[in-house]
Amino acid sequence: MKFSQEKLNKVKEIMARYPEGKHKSALIPVLHIAQEENGGWLSTEAMDHVAEVLNILPIEVYEVATFYTMFNLKPVGKYIFEVCRTGPCMLNGSDQIIDYIKEKLSIKEGETTPDGMFTLKPAECLGACGYAPMMQLGNHFREHLTKEKVDAIIDECRKNAAKNN
Amino acid sequence: MKLLLEHAHVEGIRYYDTYRKNGGYRSVEKAFKMTPEEIVEEVKKSGLRGRGGAGFPTGMKWSFLAKPEGVPRHLVCNADESEPGTFKDRYLMEFIPHLLIEGLIVSSFALGSNATYIYIRGEYAWIVDILEQAIQEAKNNGWLGKNILNTGFDCEIYVQRGGGAYICGEETALIESLEGKRGNPRIKPPFPAIQGVWMRPTVVNNVETLAAVVPIINNGGEAYAKIGVGKSTGTKLLSVCGNVKKPGIYEIDMTQTVEEFIFSDEYCGGIANGKKLKACIPGGSSVPILPANLTLKTAKGEARYMNYESLADGGFATGSMMGSGGFIVLDDSQCVVRHTMTLARFYNHESCGQCSPCREGTGWMYKILKNIEYGKGKMSDIDLLWDIQRKIEGNTICPLGDAAAWPVAAAIRHFRDEFEWHVNNPDEAQQRNYGLAHYADPIHVPVTA
Ligand SMILES: Cc1cc2nc3c(=O)[nH]c(=O)nc-3n(C[C@H](O)[C@H](O)[C@H](O)COP(=O)(O)O)c2cc1C
Ligand code: SF4
Ligand code: FES
């Protein structure tokens, strides 16, 4: 993975937000861009590229990428279902939603379907507790989940994937 | 009484023109006619207390900011909002982003911050776009940039996205993260007011705190201080979740009783599905859980009110805390052991790992709670849990350790019989939750609104 010129410009813009010499501050925002460009996960190669662009040591990138839950260090499915299971969501049936997804897609927590479409990643509180149960899908939240809604989301993802191919 | 959400339902309030037509950015005009010291003075007079959880007086915090000659200072807005039960900042930013931007401009001017950062949890990705659009609109209309309104004051606001880590809500971890590092809290002192981001003097404030600066400047600190009761001045946003009829965001002036808040139609609308109130965690997952009777009344038998002092009445023995305003309600079919187990898992997942009591202790608490919940617990496990939480509390670099210990302590303190029931009835514990018991009793004729 190497940043396109467009993404590189975005990276430069982010680096300019900080005082002279403090451009390492751009690391997390830039890792988000790198992950998006690299099919949803950070390979060593992608992280090394980020280190080069920010002019910092690769280890400085690895230690950060391994700390934050949003960075995936292994390949993931095209769509990641990040279902919250913390207290408030549990009170409203998140366990049942997770069980339903496991059954429907025949995968366990942390696994990806064999066709590379879906990954199930249990999550801790995402700030949508009053609209529980919920999941994060890409850059958005899906809230007030029911089994029917989960079915509809899976169909929607399959359709989108077919359209983009 | 609404100050922050007064215009939240006006159509198009998310955009500049509508926001401005509804009185937006007046506080900036007013602030620029004042000196920074006068603004800090107004905030002091208002009695505003930090809305991020700790409730520290904002004006006092601002007056601690060091001002060494030639060293830039920074204001950082804490939009990490990750405490389970809390989703109020999200609502503010999503629906009235200009209120935050307006508060940030006034506060940046008061503190002398020419580059102000909003550190937002990475999962709120779409809100980053909303905020950046609002910032752009503010800039296009001359409220940000160089020499704003010919005052000679320069200010830029940048949105910084986090990477998914609860600990980055702790202000020194947030600062480390903003510097592009792991979110490991720093040992204090030095406090951020002396050495914060890039070792420069820094103020970190919560989203709601900074939004509240707008009505304080508009109406004056004294007028703000008249709202509310005692040291709980102004209005507070509550995010309500769990088993109530109407979960969501409520702005209150802190004069309501807890009973009115839970049961009246104006607020939560009572317990969902015809069930009874069993327990409540009034201020986000870190604060002590209270059984129904202590939720509604203090140990002295007086009504409990929705404010800092009353919620804390009785200390940890019989009270709780206002915290972040994440109001979690459990109905009588819910299992306190299971709920506590999910919280222990949360803190274990979120511990940064620097201090052994927190790193190891949270892991042990989760394991033991899981055993009890799944019918593999022993009676001695309950005392062991108590012992572990006591050894974490107060023995760590940052308060996450305490935040992990308190929910476990309170659950055992008030619901020990429920833990024992799990140990004594391992098979039944798998089949149904323990939801009967004394604490659902002295309840309840709903108040009509
Ligand atoms: C583990 C931990 C998590 C925290 N998370 C948040 C948070 O998500 N948002 C927040 O505003 N404050 C959070 N705080 C409190 C901050 O450290 C800090 O006190 C607060 O941002 C100060 O702002 P205020 O005075 O306006 O409340 C957290 C504290 C701890 C110990
Ligand atoms: S208490 Fe926990 S989260 Fe805080 S510094 Fe120590 S290990 Fe990290
Ligand atoms: S507990 Fe699930 S979003 Fe907060």
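For clarity, every value in this text was computed on a predicted model and none was experimentally measured.

(A) Main features of the domain arrangement of chain B. Residue and element names in this part refer to chain B. For chain B, the domain assignment lists domain 1 (16–226), domain 2 (232–331) and domain 3 (336–433). Distance from the C-alpha centre of domain 1 to the C-alpha centre of domain 2: 28 Å. Taken together, the contact between domain 1 and domain 2 spans 21 residues of the former and 23 residues of the latter. Taking both sides of the interface into account, the surface hidden between domain 1 and domain 2 amounts to around 1,600 Å²; carbon and sulfur atoms contribute 54%.

(B) Molecular detail of empty space enclosed by the protein. All names here are of chain B. Evaluation of the coordinates by the stated rule reveals two cavities of 30 Å³ or more. The space that makes up the largest cavity amounts to roughly 80 Å³. Residue lining of the largest cavity: Ile 167, Pro 185, Ser 351, Cys 352, Gly 353, Gln 354, Cys 355, Cys 358, Thr 396, Cys 398, Leu 400 and Gly 401, and that is the complete set. Here the lining of the largest cavity is composed, by residue class, of seven nonpolar, five polar and no charged. The computed volume of the second largest cavity comes to approximately 40 Å³. Along its surface, the second largest cavity is lined by Ile 281, Ile 289, His 339, Thr 340, Leu 343, Pro 407 and Ala 411. Elements with a contribution of two residues or more to the lining of the second largest cavity: α15 (336–350) and α18 (400–424). Broken down by element, the lining of the second largest cavity gets its largest block of residues, three residues, from α15. Taken together, the residues of the lining of the second largest cavity break down into five nonpolar, two polar and no charged.

(C) Main features of the sheet that holds strand β4 (residues 140–142) of chain A. Residues and elements named next belong to chain A. Pairing is mixed in the open sheet, where four strands are placed in the order β2-β1-β3-β4. The open sheet has two free edges, formed respectively by β2 (118–120) and β4, since each of these has just one partner strand. If you compare each strand with its neighbour and ignore which way they point, the axes differ by 30° on average. As paired elements, strand β1 (residues 79–83) and β2 share three bridges and run parallel to each other. Its bridge partner being in β2, Ile 80 is matched across the sheet by Thr 119. Running over the sheet, helix α7 (residues 147–164) touches β1, β2, β3 (135–137) and β4 and is turned about 160° from β1.

(D) Just the sheet that holds strand β2 (residues 115–120) of chain B, in detail. Residues and elements named next belong to chain B. Spatially, β3-β2-β1-β4 is the arrangement adopted by the four strands of the open sheet, whose pairing is parallel. Each edge of the sheet is formed by a strand with only one pairing partner; in this case those strands are β3 (156–161) and β4 (202–206). Neighbour to neighbour, the strand axes of the sheet diverge by 20° on average, direction disregarded. With four bridges connecting them, strand β1 (residues 74–79) and β2 associate as parallel partners. Considered in β2, the bridge of Cys 77 is made with Ile 118. Across the sheet, helix α6 (residues 97–111) touches β1, β2, β3 and β4, and the angle it forms with β1 is around 150°. Lying on the sheet, helix α7 (residues 125–140) is in contact with β2 and β3; it crosses β3 at an angle near 170°.

(E) How the structure looks around the layout of surface pockets. All names here are of chain B. If you add up the space inside the largest pocket, you get close to 1,200 Å³. As for the largest pocket, its lining consists of 46 residues, of which Gly 52, Gly 53, Ala 54, Gly 169 and Glu 170 are closest to the centre. Only α5 (88–95), β4 and α18 provide two or more residues apiece to the lining of the largest pocket. By residue number, the principal contributor to the lining of the largest pocket is β4, which donates five residues. Taken together, the residues that form the lining of the largest pocket break down as 18 nonpolar, 16 polar and twelve charged.

(F) Main features of the interface of chain A and chain B. In this complex, chain A contributes 39 residues to the contact, which on the side of chain B involves 56 residues. Summed over both sides, the interface of chain A with chain B buries roughly 3,900 Å², with 57% coming from carbon and sulfur. Interface area lost by chain A to chain B is led by Arg17(A), Phe67(A) and Leu91(A), which between them contribute 18%. A salt bridge links Arg345(B) to Glu124(A); the shortest N-O distance between them is 3.2 Å. At the boundary of chain A with chain B, the tally comes to 24 residue pairs in polar contact (both at pLDDT 80 or more). Those elements giving two or more residues to the side of chain A that touches chain B turn out to be α2 (27–37), α4 (58–65), α5 (87–91) and β4 of chain A. For the side of chain A that touches chain B, a count of residues per class yields 19 nonpolar, twelve polar and eight charged.

(G) Structural view of the site of ligand 1. Residues and elements named next belong to chain B. By nearness alone, 18 residues border ligand 1, and Gly 52, Asn 78, Asn 205, Asn 206 and Thr 209 come closest of all. One of the backbone N or O atoms of Arg 51 is found 3.3 Å from an oxygen atom in ligand 1. With the chains in place, 89% of the 610 Å² that ligand 1 exposes on its own is no longer accessible. With respect to the pocket detection grid, ligand 1 is positioned in the largest pocket. Tallying contributions element by element places β4 first for the shell around ligand 1, with three residues.

(H) Quick peek at the packing of aromatic side chains. With the rule as written, the count across this model stands at 28 aromatic pairs over all chains. Ring pairs connect the aromatic residues Tyr18(A), Tyr117(B), Tyr158(B) and Trp198(B), which therefore count as one cluster. One cation-aromatic arrangement involves Arg121(B) over Tyr124(B); the distance from NZ or CZ to the ring centre is 5.6 Å. In this structure, Lys367(B) is placed above the aromatic ring of Trp364(B), and the distance from its NZ or CZ to the ring centre is 4.4 Å.

(I) Representation of unusual backbone geometry within the structure. Each neighbour pair has its own omega, and for Ala132(A) with Pro133(A) the value is -10°, a cis peptide bond. Mapped onto the elements, Pro133(A) comes out in the loop between β2 and β3. The linkage connecting Lys188(B) with the following residue, Pro189(B), adopts the cis geometry, with an omega of -10°. Tracing the sequence through the fold places Pro189(B) in the loop between α8 (171–178) and β4.

(J) Seen up close, the site of ligand 2. Residue and element names in this part refer to chain B. Around ligand 2 sit 13 residues, and of these Cys 352, Cys 355, Cys 358, Thr 396 and Cys 398 come closest. In this structure the site holding ligand 2 corresponds to the largest cavity. Grouping the constituent residues of the shell around ligand 2 by class yields eight nonpolar, five polar and no charged.

Scoring rules and cut-offs
- Residues numbered from 1 in each chain as written.
- Chains lettered and ligands numbered in written order.
- Predicted model: local features only at pLDDT ≥ 70, side-chain atom pairs only at ≥ 80, totals over all residues.
- Heavy atoms only, no water.
- Domains from an automatic or database assignment.
- Contact = heavy atoms within 4.5 Å.
- Buried area = accessible area lost by both parts, 1.4 Å probe.
- 1 Å grid on protein atoms, 1.4 Å probe; cavity = no way out; pocket = protein on both sides within 12 Å on 5 of 7 lines; lining within 4 Å.
- Points joined across faces, edges and corners; volume = space filled by probe spheres on them.
- Nonpolar A, V, L, I, M, F, W, Y, C, P; charged D, E, K, R; others polar.
- Helix = DSSP H or I, 4+ residues; strand = E, 2+ residues; numbered from the N terminus.
- Pairing = 2+ DSSP bridges.
- Axes fitted to C-alpha atoms, helices over the stretch in contact; angles between N-to-C directions.
- Salt bridge = Lys/Arg side-chain N within 4 Å of Asp/Glu carboxyl O.
- Polar contact = N/O pair within 3.5 Å; in protein donor to acceptor, adjacent residues only side chain to side chain.
- Near = heavy atom within 4 Å.
- Areas by Shrake-Rupley, 256 points an atom, 1.4 Å probe, with all protein chains shown as cover.
- Sits in = over half its atoms within 2 Å of the grid points.
- Phe/Tyr/Trp six-rings, centres within 6.5 Å; stacked < 30°, edge-to-face > 60°.
- Lys NZ or Arg CZ within 6 Å of the ring centre and 35° of its normal.

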